[in-house]
Amino acid sequence: MDYETAVGSLFQPEGREDPYPAYDVIRAHAPAAPAMENQWFISSHALVSRLLRDPGLRVADKSDYDQFWPAWRENRGVASVVLSMLQTNPPDHSRVRRAAASTFTARRVAAMREVIAAQAGELIDEMPAEADFMSAFAYPLPIGVICALLGIPEGERRWFRQRAADLTVVLEPISTEEEMGRADKAGRELEAYFTGLIADRRHTPREDLTSALVEASDADDAVLTGEELLANLVLLLVAGFETTTNLLGTGLKILMDHPEQADRLRTDPSLAPNVVEEILRYDSPVQLTSRFATAPLDLDGVEVAAGAMMTMLLGAANRDPARYPDPHRFDPDRPNIQPVSFGGGAHYCLGAPLARLEAQVAFPLLLNRLPGLAPAGNPVRRDRLTLRGYSSLPITTS
Ligand code: HEM
């Protein structure tokens, strides 16, 4: 495959099905390779890791959207993401992130272990002999966990799956007008839901994360504006489960494809942290993120102009042979697995400890409680580049 074909394939359904051959060609072409005018693909592990931590780079924030798409606030799906911390730069980012991190604490996450195990156990009990793993487990577990954290009642949880899926399309490099319309509708519905939840918790605080965030936003020094509170609650919900759903689905598929590794994990759950890191490296649920240069940059001899967009190919960096020998092999025994799947630097994933915990609890439990678990038909991938995962993964448990 030549370089132009590799780049083009990432924008085609067949190329997105398995982007790794194209990533290899792009990385071999140059660690910083031209994508489109004034846009670059960054694909080496060293460069992606370094640039994500470089304070000289910025994310596209509302001031950029005001310039290139003045009507962006009219699409509430786009607005939810742009107004969240994900697309905010310092000093606002540091303030919002501090407020969110002060509520999303290690203690609060660690306390979820029992909830995760109980919810996973119930889903396993209810699993039919023939099932779609995505619908029966990979979606409901992370939805249940993030809803439990936010204090969303159990009866309302199923409502979120389609809305989150519709909203996250705004993270893709290209989307259709119809998809953008659905993202707008999902954004409006999620905003309406959280507006009600915020009003309720302001009136009657509870022990949940929503109450803690409402309290932070109502502090005298106005740690969060009302608009920021709403957008970041939507972000926590959406970021909190589609990605983790993909980690669970992709991870199970990888384990079924490597039964010797599944057997080891079944008998020794202490292997779970390494297995989960290797799953994250081998097929990252988030494949890319973008940054902009605020000044001219020299990237290992490649001149990048101020204002240029750099697409960090996280999935390519995770399979860089310079960092991971024999990178296309799934091997949880690799030393020092440090995938860039959760990003790096100021925007490093706030939910990484929770996502890791869910997967570390779920996989050993699934393998032990369902020893007959095996593939039962062809899995179907979602046709997305940024959020990579399956739409269905048929399994049998008998
Ligand atoms: C940010 C991946 C689960 C909340 C990010 C970023 C990545 C990522 C790559 C950085 C994006 C960038 O730098 O532009 C993942 C993956 C997950 C996962 C692969 C699961 C396997 C979660 C969960 C939550 C969460 C469970 C919350 C409950 C967030 C938030 C940010 C973020 C709030 C924005 C942080 C900031 O901008 O400062 N995530 N995530 N994520 N993630 Fe996650």
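- Per an unreviewed UniProt entry, the protein carries the name Cytochrome P450 and comes from Actinoplanes cyaneus.

### Some details on the coordination of the iron atom of the ligand
Next, step 1: Only one protein atom coordinates the iron atom of the ligand: C349 (SG), located 2.3 Å from the metal.
Next, step 2: Note that C349 resides in the loop between α18 (314-317) and α19 (352-369).

### Quick look at the packing of aromatic side chains
Next, step 1: Counted under the stated rule, the structure contains 12 aromatic pairs.
Next, step 2: For the ring pair F133 and F137, a centre distance of 5.3 Å and an interplane angle of 15° mean the geometry is stacked. In this pair, F133 and F137 are both assigned in helix α10 (residues 133-138), 4 residues apart and thus about one turn of the helix distant. Of the two residues, F133 and F137, both sit in the buried class.

### Some thoughts on the domain arrangement of the protein
Bring the parts together and some accessible area is lost; that lost area is often taken as the interface size.
Next, step 1: Domain boundaries in the protein define domain 1 (23-52 + 289-340) and domain 2 (53-286 + 341-396).
Next, step 2: Here the C-alpha centroids of domain 1 and domain 2 sit 24 Å apart.
Next, step 3: The interface is formed by 28 residues belonging to domain 1 together with 28 residues belonging to domain 2.
Next, step 4: Between domain 1 and domain 2, roughly 2400 Å² of surface is buried when both sides are summed, and carbon and sulfur atoms account for 55% of that area.
Next, step 5: Two residues, D333 and R264, come together in a salt bridge whose shortest N-O distance is 3.1 Å.
Next, step 6: Here domain 1 is connected to domain 2 by 19 residue pairs in polar contact (both at pLDDT 80 or more).
Next, step 7: Among the secondary structure elements, those contributing two or more residues to the side of domain 1 that touches domain 2 are α4 (45-52), β5 (288-293) and β8 (309-313).
Next, step 8: Classifying every residue of the side of domain 1 that touches domain 2 by side-chain character gives 16 nonpolar, 5 polar and 7 charged.

### Details of the pairing of strand β2 (residues 39-42)
Next, step 1: Pairing geometry for strand β1 (residues 32-34) and β2, over 3 bridges, is antiparallel. By the bridge assignment, P34 is partnered in β2 with W40.
Next, step 2: Counted between consecutive antiparallel strands, the loop separating β1 from β2 contains 4 residues, among which N38 sits at a positive phi close to 60°.
Next, step 3: Summarising the sheet, β2 and β8 pair through 4 bridges and their orientation is parallel. Following the sheet pairing, Q39 is matched in β8 by M309.

### A look at the site of the ligand
Next, step 1: Taken together, 28 residues lie around the ligand, and H93, T289, R291, H347 and C349 are the ones closest in.
Next, step 2: Within the side chain of H347, one N or O atom sits 2.7 Å away from an oxygen atom of the ligand.
Next, step 3: Elements that contribute at least two residues to the shell around the ligand include exactly α7 (92-103), α15 (226-257), β5 and α19.
Next, step 4: Per-element tally for the shell around the ligand: the top contributor is α15, with 7 residues.
Next, step 5: Residue composition of the shell around the ligand, by class: 17 nonpolar, 9 polar and 2 charged.
Next, step 6: Taken domain by domain, the shell around the ligand gets at least three of its residues from each of domain 1 (23-52 + 289-340) and domain 2 (53-286 + 341-396).

### Quick notes on the sheet that holds strand β12 (residues 394-396)
Next, step 1: Taking strand neighbours across the sheet as the criterion, the 3 strands line up as β4-β12-β9 in an open arrangement whose pairing is antiparallel. Two strands in the sheet have a free side with no partner beyond their single neighbour: β4 (130-132) and β9 (374-375).
Next, step 2: Alignment of β9 against β12, held across 2 bridges, turns out to be antiparallel. Across the sheet, residue A374 finds its bridge partner in β12, namely T396.

### Focus on the side chain of R382
Next, step 1: In this fold, R382 is placed in the loop between β10 (380-381) and β11 (390-392).
Next, step 2: Accessibility expressed as a relative area gives 13% for R382, which makes it buried.
Next, step 3: Here E242 takes part through its side chain, which lies 2.4 Å from a polar atom of the side chain of R382.
Next, step 4: In this view, R382 contacts Y139, A165, E242, N246, G389, Y390 and S391; residues no more than four positions away in its chain are not counted.

Here is what the cut-offs are and how they apply
- Residues numbered from 1 in each chain as written.
- Predicted model: local features only at pLDDT ≥ 70, side-chain atom pairs only at ≥ 80, totals over all residues.
- Heavy atoms only, no water.
- Donors = N, O, S within 2.8 Å, 3.2 Å for Na, K, Ca; no water.
- Helix = DSSP H or I, 4+ residues; strand = E, 2+ residues; numbered from the N terminus.
- Phe/Tyr/Trp six-rings, centres within 6.5 Å; stacked < 30°, edge-to-face > 60°.
- Buried < 20%, exposed > 50% of the residue type's maximum accessible area, 1.4 Å probe, protein only.
- Domains from an automatic or database assignment.
- Contact = heavy atoms within 4.5 Å.
- Buried area = accessible area lost by both parts, 1.4 Å probe.
- Salt bridge = Lys/Arg side-chain N within 4 Å of Asp/Glu carboxyl O.
- Polar contact = N/O pair within 3.5 Å; in protein donor to acceptor, adjacent residues only side chain to side chain.
- Nonpolar A, V, L, I, M, F, W, Y, C, P; charged D, E, K, R; others polar.
- Pairing = 2+ DSSP bridges.
- Near = heavy atom within 4 Å.

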